[in-house]
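Now for the letters of each chain:
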Amino acid sequence: MSMQSETVDVLTIGAGGGAYPAAFRLAKAGLSVVMTDPKGVMSGNCLYEGCVPSKTLRETGEVLESQRRFADLGLAGKVQVDYPRMVAHKDAIQGRRYAQHAQELRNYPNLQLISGNARFIDPHTVAVATGEGERRFHCRHIIVASGADVFVPPIPGAELCLTSHDLYKPDPTLKILPGRMVVIGGGYIGLETASFFAAFGTRVVLLQKGPQILSGMDPGMVATLLPLLNSNIEMILNADVERVEAMGSGRRVHYRQGGAEQQVEGDVVLMAVGRHPVIPAGTAELGIDIGKHGIVVGPSLQTRFPHIYAAGDVNGQVPLFHAAVRQSLVAAHNILGGDRALDYTDFRNVPTTIFTLPGAAYIGMTATQAAAQGVEVITGTYDFREDSRAQILEAMGGGIRLFFAPGSLRLLGGWIVGIDAGHLIGEIGLAVAKGLTAYDLAAFADQHPMSAEGIGKAARSIF
Ligand code: ADP
């Protein structure tokens, strides 16, 4: 029996960062747009269980850490950690943002959000399984923005572990502050979470499979960051987790290190070994290329069908919310261009922040990557020991590194470890993306007494 299709200009599979910026842009241009998402709300995993809720807890941790630094400097008295109330604050922020998004949606009558899971029927037809049955859409253009999900490795007892979902979703599974936490995985999610809970007073043991925490990131940046983290975190490297078992209300994690069997116990275990793309059903059947990291696209974000785009985590290029937002707009522009590429994504120059306490952030080419490619760089340095704001905050660890191409002195990349890292990467990132040079940075009057002063000083350090 054939089903009646509704016709729309654009349908997005997902309503997260890869989808909704395009949906609003295209609705503004007068197109009819349908977003689909089983969550029934906008913002995807970022707001549901990612960036926003985790950073809400982080900022509470930041207050605690700075209050400790000021304990002997006029802010005497023990700070009480009330985890259930912190969680309530996190839930409230999520609620506030969902309400804001609902209001934004009401401004566009030609833009609808449908609660349901979408699958491809053919290159122009998408079926959406809603609570009231299936709806079919004939779509002139489709943006696949189905994101990514937590990867849980097939080790015995993996189901006994919590994931970032259990910590950060609205009304999370974890509601009580654990005394001891084991974190499996030393990537940015594992390390950030370890850092927040360490600030709250939890004793954290972090197990990392390989020899480097934050593997793949610049070793110089990582080596600067790690000694600055809260001493409540114990890091165990080269630990191969084999199984997890229940022990009363707690957990025991068995791992192998070198030849030896080892074990560690915690009240809870966080599994944070990575994320994997979520590919909508029917995608492969259309002949759309799917690689190890997700749907294969170039900088125009088009698949082998010029009218089908893949934006955000689902293409695995730069799985970060702000990267998804930019990609979403690129897809929108190319749809407005009649599925001809007139806007391209710069996958390389996207800022990345590790929101530990303190944080670290980087963009573009680092000294180590340059060395690996046989490219010489000139390094500008600035140490937060000499920074007025860092001194005021009693947080003098870390600094800024800027990597310039010899000759042109064009800024190729850089990193920050320490105060304000996630803010400072904005200015450095724009400079990298727009091809500014050490002369440009050195000639700009960065504001005093703010940490951005260090950017100009790092640039001037090479002259
Ligand atoms: P991104 O930032 O790349 O957009 P997110 O993971 O934040 O990624 O958001 C992707 C959203 O897509 C999630 O909210 C998820 O529920 C939704 N999603 C995943 N699979 C489907 C599907 N088949 N149909 C509709 N929505 C989907």
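Residues numbered from 1 in each chain as written. Predicted model: local features only at pLDDT ≥ 70, side-chain atom pairs only at ≥ 80, totals over all residues. Heavy atoms only, no water.

### Considering the site of the ligand
Consideration 1: Around the ligand, a shell composed of 23 residues is seen, among which Gly 18, Asp 37, Asn 45, Ala 118 and Asp 313 lie nearest.
Consideration 2: In the model, an oxygen atom of the ligand is placed 3.1 Å from a nitrogen or oxygen of the Gly 17 main chain.
Consideration 3: Every element with two or more residues in the shell around the ligand is listed here: strand 2 (33–37), helix 2 (44–49) and strand 3 (111–122).
Consideration 4: A breakdown of the residues in the shell around the ligand according to their chemical character gives 8 nonpolar, 12 polar and 3 charged. (Near = heavy atom within 4 Å. Polar contact = N/O pair within 3.5 Å; in protein donor to acceptor, adjacent residues only side chain to side chain. Helix = DSSP H or I, 4+ residues; strand = E, 2+ residues; numbered from the N terminus. Nonpolar A, V, L, I, M, F, W, Y, C, P; charged D, E, K, R; others polar.)

### Re the environment of Thr 283
Consideration 1: Along the chain, Thr 283 falls in the loop between strand 14 (275–277) and strand 15 (308–310).
Consideration 2: Residue class for Thr 283 comes out buried when judged on its relative accessible area of 0%.
Consideration 3: A C-alpha to C-alpha distance of 23 Å links Thr 283 and Leu 336, two positions 53 residues apart in sequence.
Consideration 4: Leaving out residues up to four positions away in the same chain, Thr 283 has contacts with Phe 120, Ile 288, Ile 290 and Ile 295. (Buried < 20%, exposed > 50% of the residue type's maximum accessible area, 1.4 Å probe, protein only. Contact = heavy atoms within 4.5 Å.)

### Some words on the packing of aromatic side chains
Consideration 1: According to the stated counting rule, one finds 8 aromatic pairs in the structure shown.
Consideration 2: Plain terms: the ring middles of Phe 24 and Tyr 108 are 5.3 Å apart, the flat faces sit at 80° to each other, and that makes the pair edge-to-face. Taken together, the residues Phe 24 in helix 1 (residues 20–28) and Tyr 108 in the loop between helix 4 (83–106) and strand 3 connect sequence positions 84 residues apart.
Consideration 3: The interplanar angle of 25° and the centroid separation of 5.5 Å between the aromatic rings of Tyr 439 and Phe 463 together place this pair among those described as stacked. You can see Tyr 439 sitting in helix 12 (residues 438–442) and its partner Phe 463 sitting in the segment after helix 13 (453–460), a full 24 residues away along the chain.
Consideration 4: Taking the relative accessible area as the measure of exposure, Tyr 439 reaches 47% and is therefore partly exposed.
Consideration 5: Looking at Lys 39, its charged tip hangs above the ring of Tyr 48, at a distance of 5.3 Å from the centre.
Consideration 6: Against the face of Phe 305 rests Arg 304, its NZ or CZ located 5.0 Å from the ring centre. (Phe/Tyr/Trp six-rings, centres within 6.5 Å; stacked < 30°, edge-to-face > 60°. Lys NZ or Arg CZ within 6 Å of the ring centre and 35° of its normal.)

### Focus: the sheet that holds strand 9 (residues 233–236)
Within a sheet, adjacent strands bond to each other through the backbone by hydrogen bonds, running parallel or antiparallel.
Consideration 1: Taken in spatial order, the 4 strands make up an open sheet running 9-8-7-13, and their pairing is parallel. Whereas interior strands pair on both sides, the edge strands pair on one side only; in this sheet they are strand 9 and strand 13 (268–271). Each strand axis lies, on average, 20° off the axis of its neighbour in the sheet, ignoring direction.
Consideration 2: Alignment of strand 7 (residues 180–184) against strand 13, held across 4 bridges, turns out to be parallel. Counterpart to Ile 184 in the pairing with strand 13 is Met 271. (Pairing = 2+ DSSP bridges. Axes fitted to C-alpha atoms, helices over the stretch in contact; angles between N-to-C directions.)

### Describing unusual backbone geometry
Consideration 1: Of note, the bond from Leu 357 into Pro 358 is cis; its omega dihedral lies within 30 degrees of zero at 0°.
Consideration 2: Inspection of the secondary structure assignment puts Pro 358 in the loop between strand 16 (352–354) and strand 17 (359–364).
Consideration 3: Put simply, His 448 and Pro 449 share a cis peptide bond, and its omega is 0°.
Consideration 4: Despite not being glycine, Leu 214 shows a phi value in the positive range, around 55°.
Consideration 5: Judged by relative accessible area, which is 1%, Leu 214 ranks as buried.

### Comments concerning the sheet that holds strand 10 (residues 239–247)
Consideration 1: Reading across from one edge, 10-11-12 is the order of the 3 strands in this open sheet, with antiparallel pairing throughout. Since the sheet does not close on itself, it has two edges, and those belong to strand 10 and strand 12 (260–266), each with one partner. Along the sheet, successive strands turn relative to each other by an average axial angle of 25°, direction set aside.
Consideration 2: For strand 11 (residues 250–257) and strand 12, the ladder comprises 7 bridges, and the chain directions are antiparallel. Following the sheet pairing, Tyr 255 is matched in strand 12 by Gln 262.

### Looking at the nonpolar core
Consideration 1: Counting residues in hydrophobic clusters, the biggest one holds 51 residues, and the most contacted among them are Leu 111, Val 126 and Ile 143.
Consideration 2: Among the secondary structure elements, those contributing two or more residues to this core are strand 1 (5–13), helix 1, strand 2, strand 3, strand 4 (125–130), strand 5 (133–144), strand 15 and helix 8 (321–336).
Consideration 3: Ignoring anything within four residues of it in the chain, the contact list for Val 126 reads Leu 11, Ile 13, Ala 118, Arg 119, Phe 120, Ile 121, Arg 135, Arg 136, Phe 137, Cys 139 and Ile 142.
Consideration 4: Counting residues in hydrophobic clusters, the runner-up holds 37 residues, among them Tyr 83, Tyr 168, Val 183 and Phe 403. (Core = buried A, V, L, I, M, F, W, Y, C linked by side-chain atoms within 4.5 Å.)

### Examining the packing of helix 3 (residues 51–69) against helix 4
Consideration 1: Put simply, helix 3 and helix 4 touch, their axes get as near as 9 Å, and they point 135° apart. Classed by the angle they form, the pair helix 3 and helix 4 counts as oblique. At the point where helix 3 passes helix 4, the crossing takes the right-handed sense. Where helix 3 approaches helix 4, its residues Val 52, Pro 53, Thr 56, Leu 57, Thr 60 and Leu 64 are matched on the opposing element by Tyr 83, Met 86, His 89, Lys 90, Ile 93, Gln 94 and Arg 97. (Parallel < 35°, antiparallel > 145°, perpendicular 65-115°, else oblique. Left-handed = near helix turned anticlockwise from the far one by under 90°.)

### Focus on the pairing of strand 11
Consideration 1: Pairing of strand 10 with strand 11, which is carried by 8 bridges, proceeds in the antiparallel orientation. Opposite Arg 243, over in strand 11, you have His 254 as the bridge partner.
Consideration 2: In this structure, the hairpin formed by strand 10 and strand 11 is closed by a connection of 2 residues, where Gly 248 is found at a positive phi of approximately 60°.
Consideration 3: Counted along the chain from strand 11 to the antiparallel partner strand 12, the turn is 2 residues long, and its residue Gly 258 has a positive phi close to 60°.

### With respect to the pattern of salt bridges
Consideration 1: A full pass over the atoms with the stated rule returns 20 salt bridges.
Consideration 2: A salt bridge links Arg 135 to Glu 6; the shortest N-O distance between them is 2.9 Å. With a gap of 129 residues between them, Arg 135 in strand 5 and Glu 6 in strand 1 connect regions that are remote in the sequence.
Consideration 3: Judged by its relative accessible area of 31%, Glu 6 falls in the partly exposed class.
Consideration 4: Across the pair Glu 134 and Arg 136 runs a salt bridge whose closest N-O atoms are separated by 3.4 Å.
Consideration 5: One salt-bridge network, in which partners are shared between bridges, spans Arg 243, Glu 245, Arg 252 and Glu 265. (Salt bridge = Lys/Arg side-chain N within 4 Å of Asp/Glu carboxyl O.)

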